[in-house]
Each structure stands twice: as C-alpha cells, then as structure tokens.
Amino acid sequence: MEPGVHLEEVEGLGQTLPFLLLSIPAGLAVDRASRRGLMVGAEILRALSLVAIMLLLAYGQLNLPLLAALGFLGAIGTVVYSVAAPALIPGIVPRAQLGAANRWLELARSAAYAGGPALGGALVGWTGAPTAYALATALSILAVLLLAGLPKEPIAGPSGRNLLQDLGEGARFVSRHELLRPILVTAVFFNTAWFVLQAIYVAYAVQDLGLSATEVGLTLGIYGAGMVAGAWIAPALSRRLPFGAMIVIGPLGGFCAALVMLLTLWFPTVLLAGLSFFLFGAGPILWSITTMTLRQAVTPQAMLGRVSALIMTATFGARPIGAAIGAFVAARFGAPACLAVAAIGFLVQLLVISASTVPRLRELPEAA
C-alpha cells in the first residue's frame, strides 16, 4: 500500500501548497484594494497561464518544469479569486440574499468540480489536449469579461498600519469570536480527517474492496455529484431548519460518511463506498455555504479578506498533516486502522461544533 499512499500525499500537497503560501498575502491585498479588480486580475493571470501552455503545446516545447511553473502561476490567480470572491459578495448583495448568493457560488464551483475533469478528459480523448486548453482559455476570458461587468464596490484603502498589524488584527478577531473560533477548529479537524482518508482510499479500494479502476473513478465522481446535490437542496433545507442546524449538517454529514466508509470493512461493496463519497460531498457543501454566509455577516467589511485568508490557510494547512497521519497509520497498522482514525477525527469535529453556541442560532446573527 505504501506507493499509493505516498502518491496521494504528494498530490494533496501539490493542491494545497499554493493556498498555504499565498492565502494570507491575498487576504491582505483584498482588504486594501478593489476586490472586483483583484478578481479580474486573478482571472487574467489564469487565462495567461493557459494561453502559455497552449502555445507551448502547439510548438512542442512544453515540458514538466514549464507545466509546473505555469500551473503555479495559474494557482496564484485561483487563490486570489478564492479569497476575494467571499469578501466582494457582501458589498454588492443585500444581507438577506447572502445565503442565496453563496449557494450559487458554491453550486457553480461544485458543477465545475464534478463535470470539469470528465469534460476535459473527453475533449482530450476526442480532439487532443490543445483543444481542451483552448476551450479552458476561452472560458477564462469570458469570466474576465463577466467579472469586469460587476458593480464597483467601495475600497477601504490602506489602514495606516503595517501588514503585520493588519494580520494580527484579523487573527485576534477570529480567535476571540465565539462563532468563528469553533467554525475554524471544526474545519481544521474535518480537513485533517478527510485527508487521512484520502491518503489511503485509492489503494484501499483496489486492494481491500476489490474495486476496478472504473469503479474507483465512479466513487470519486460521486463526491462531485454530492456537492451539486447539497448546493441544490440548500434553499429547501434553509426554509425548514434554523440557521445553526444548517451549519451542523456539514459536520454531521462528514461523520455519517466516515461511518459508512468504516462499514466497508465488513461489507466491501462499491455501493457503500459511493454512498460515503456522496455524503462527503453533500454535507460539507452545505457547511461551506452557511459558514461563508455567517462569516460575511459577523465580520467587518474591511477585515473580510484577512479573516477568509486566515481560515483558508488553517484549513488547507491541516490537509498535509492529515495525509501524513494517513500515510503513517496505514504503513504501520494497515488501512482498517486508518479508516478508524479518520472516523475519530470526524467525530471530534462534530463534537466541537455541537458544543459551541453555533447550533443555537435561530437566524443569521448581526455583526458585533
């Protein structure tokens, strides 16, 4: 199992590193400049990286170091966009519509996550990689045009303090806030446990569950379908449940998903694995929508970028830790122990949020 474990760990780190390195600088920039302008610039940067890859492919000059460098360049745009978008929304959307706006944002992201790889793979298979990159570039340019058409928002401008003072202010706000602090801790435990599981899942599915490569891909694809389903049913649930209960659904869904995956030790079937990944997608996407809405509601506008960046850095920082724990436990004690450790982690994150004041929220709170 070790080769598969190490591969998953490396892949997780590759997806995480840009967010660890760049989230905080992006958050500081978001609180000092036009958020719309930063989003436009971020998308232009992603488009330029795609154009460069496409040209290098066309002339047969693309190699692994260049691909990695251009991928990292595009990742800078992704990080800046990810920090700026939640900070921009409260400036252009009425407070009562924050949840709906975040739901559409997450629904679009989930649909792209679920359908993007399949569409890209199909295009590469049918027409070759250059066509796929050309389509991605065209979509990125379209995004630039759409973002440029967003209404202008007021710019806070420099605070008169240095960057470290601004960062310290954001950190103190999150650590002292009775609602944001448990959300941060819950997210850290969730991401740690999630990557404990991610570190061993492919090898476990093949070697222990006896799944084929197609079945493994199917279960992983169901995760994206769960994300779309969760974002789609969010309005119906929000009409029936208190706001605090909506937030708890995510951690509860993660714990239930971990228990379902644990059941595969006794009932090794693709159906249970698929159900587990569906729950892993559906519950946490509701968490993303509701906690983003809460963060926007209780955080001062001038601090939203820093607060979002700090939470993003902490949660993404938990991922390589989880992958390392998964690799260690799987290598020493085997996959069953790893699944048990992941389930314990998901139980802890559920207990953390359940013990806080968050579940008692009846509606979206006012800013302090």
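Residues numbered from 1 in each chain as written. Predicted model: local features only at pLDDT ≥ 70, side-chain atom pairs only at ≥ 80, totals over all residues. Heavy atoms only, no water.

Enquirer: An account of the overall build of the protein is requested, with residue identities and associated values reported.
Expert: Across its full length, the protein carries twelve helices and zero strands. In sequence order, the protein lays out its α and β elements as α-α-α-α-α-α-α-α-α-α-α-α. When burial is assessed residue by residue, the protein has 45% of its 368 residues classed as buried. Taking all contacts inside the protein whose residues are at least 6 apart in sequence as the whole, residues at least 24 apart take part in 85%. As displayed, the protein has an accessible area near 16900 Å², and 71% of this comes from carbon and sulfur atoms. (Helix = DSSP H or I, 4+ residues; strand = E, 2+ residues; numbered from the N terminus. Buried < 20%, exposed > 50% of the residue type's maximum accessible area, 1.4 Å probe, protein only. Contact = heavy atoms within 4.5 Å. Areas by Shrake-Rupley, 256 points an atom, 1.4 Å probe, with all protein chains shown as cover.)

Enquirer: Run through the environment of Ser288, naming residues and quoting values.
Expert: As for its position among the elements, Ser288 is in helix H10 (residues 270-298). Separated by 182 residues in sequence, Ser288 and Glu106 place their C-alpha atoms 7.7 Å apart. If near-sequence neighbours (up to four positions away) are discounted, Ser288 is found in contact with Glu106 and Arg109.

Enquirer: Give me the lowdown on the pattern of salt bridges, citing residues and values where you can.
Expert: Under the defined criterion, the tally for this structure stands at six salt bridges. In this structure, Arg35 and Asp31 form a salt bridge, with 3.0 Å as the shortest nitrogen-oxygen distance. For Arg35, a relative accessible area of 8% gives the class buried. Put simply, Asp166 and Arg306 hold a salt bridge, and the shortest N to O gap is 4.0 Å. With Asp166 in helix H6 (residues 163-176) and Arg306 in helix H11 (residues 304-333), this residue pair connects regions lying 140 residues apart in the sequence. (Salt bridge = Lys/Arg side-chain N within 4 Å of Asp/Glu carboxyl O.)

Enquirer: Which residues make up the nonpolar core, and what are the values?
Expert: Of all hydrophobic cores here, the largest spans 41 residues; its most connected members are Trp194, Tyr201, Phe280 and Phe346. Looking at this core, the elements that each hand over two or more residues are helix H7 (180-207), helix H8 (213-240), helix H9 (243-263), H10, H11 and helix H12 (335-354). Ranked by the residues each element gives to this core, the list is headed by H7, at eleven residues. Setting aside anything within four residues of it in sequence, one finds Phe280 in contact with Trp194, Leu197, Tyr223, Gly254, Ala257, Ala258 and Phe346. (Core = buried A, V, L, I, M, F, W, Y, C linked by side-chain atoms within 4.5 Å.)

Enquirer: Break down the environment of Ala203 for me, citing the residues and quoting the values.
Expert: In this fold, Ala203 is placed in helix H7. Spatially, the C-alpha atoms of Ala203 and Ala335 are 8.8 Å apart, while their sequence positions differ by 132 residues.

Enquirer: So what's going on with the packing of H8 against H10? Residues and values would help.
Expert: Close contact between H8 and H10 brings their axes to 6 Å; oriented N to C, the two are set at 40 degrees. Between H8 and H10 the crossing geometry is right-handed. A per-class count over the contact of H8 with H10 returns 18 nonpolar, five polar and one charged. (Axes fitted to C-alpha atoms, helices over the stretch in contact; angles between N-to-C directions. Left-handed = near helix turned anticlockwise from the far one by under 90°. Nonpolar A, V, L, I, M, F, W, Y, C, P; charged D, E, K, R; others polar.)

Enquirer: Tell me about H7, and please be specific about residues and values.
Expert: Spanning 28 residues, H7 covers 41 Å between terminal C-alpha atoms, matching the ideal 40 Å at 1.5 Å per step. Largest kink in H7: about 45 degrees, centred on Tyr201. Buried residues dominate H7, accounting for 20 of its 28 residues. (Expected span 1.5 Å × (residues − 1). Bend = angle between axes of the 7 residues up to and from the residue.)

Enquirer: Tell me about the packing of H9 against H10, and please be specific about residues and values.
Expert: Viewed as axis vectors pointing N to C, H9 and H10 meet at an angle of 160 degrees, and their least axial separation amounts to 8 Å. Put simply, H9 runs roughly antiparallel to H10. Judged by the twist between their axes, the crossing of H9 over H10 is left-handed. (Parallel < 35°, antiparallel > 145°, perpendicular 65-115°, else oblique.)

Enquirer: Just give me the short version of the packing of aromatic side chains, but keep the residues and values in it.
Expert: Per the stated rule, a full pass over the model turns up eight aromatic pairs. Seen from their ring centres, Trp194 and Phe280 are 4.7 Å apart, and the 50 degrees between their planes marks the pair as tilted. Separated by 86 residues along the polypeptide, Trp194 in helix H7 and Phe280 in helix H10 bring together distant segments of the chain. The class for Trp194 is buried, based on a relative accessible area of 7%. Chaining the aromatic ring pairs together yields one cluster made of Phe190, Trp194, Tyr201, Tyr223, Phe277, Phe280 and Phe346. One residue, Arg46, lies across the ring of Tyr81, its end atom 5.2 Å from the ring centre. The residue whose ring lies beneath Arg319 is Phe316, and the NZ or CZ to ring-centre distance is 4.1 Å. (Phe/Tyr/Trp six-rings, centres within 6.5 Å; stacked < 30°, edge-to-face > 60°. Lys NZ or Arg CZ within 6 Å of the ring centre and 35° of its normal.)

Enquirer: Account for the side chain of Thr290, with residues named and values stated.
Expert: Here Thr290 is to be found in helix H10. Within the structure, Thr290 has its side chain in polar contact with the backbone oxygen of Leu286 (distance 2.8 Å). Reaching out from Thr290, the side chain makes a polar contact with the backbone oxygen of Trp287 at a distance of 3.3 Å. Setting aside residues up to four positions removed in sequence, Thr290 forms contacts with Phe243, Met246 and Ile247. (Polar contact = N/O pair within 3.5 Å; in protein donor to acceptor, adjacent residues only side chain to side chain.)

Enquirer: Talk me through the side chain of Ser23; I want residue IDs and the actual numbers.
Expert: You can see Ser23 is positioned in helix H1 (residues 2-30). For Ser23, the residues in contact, after removing those within four places along its chain, are Pro18, Val79, Val83, Ala309, Met312 and Thr313.

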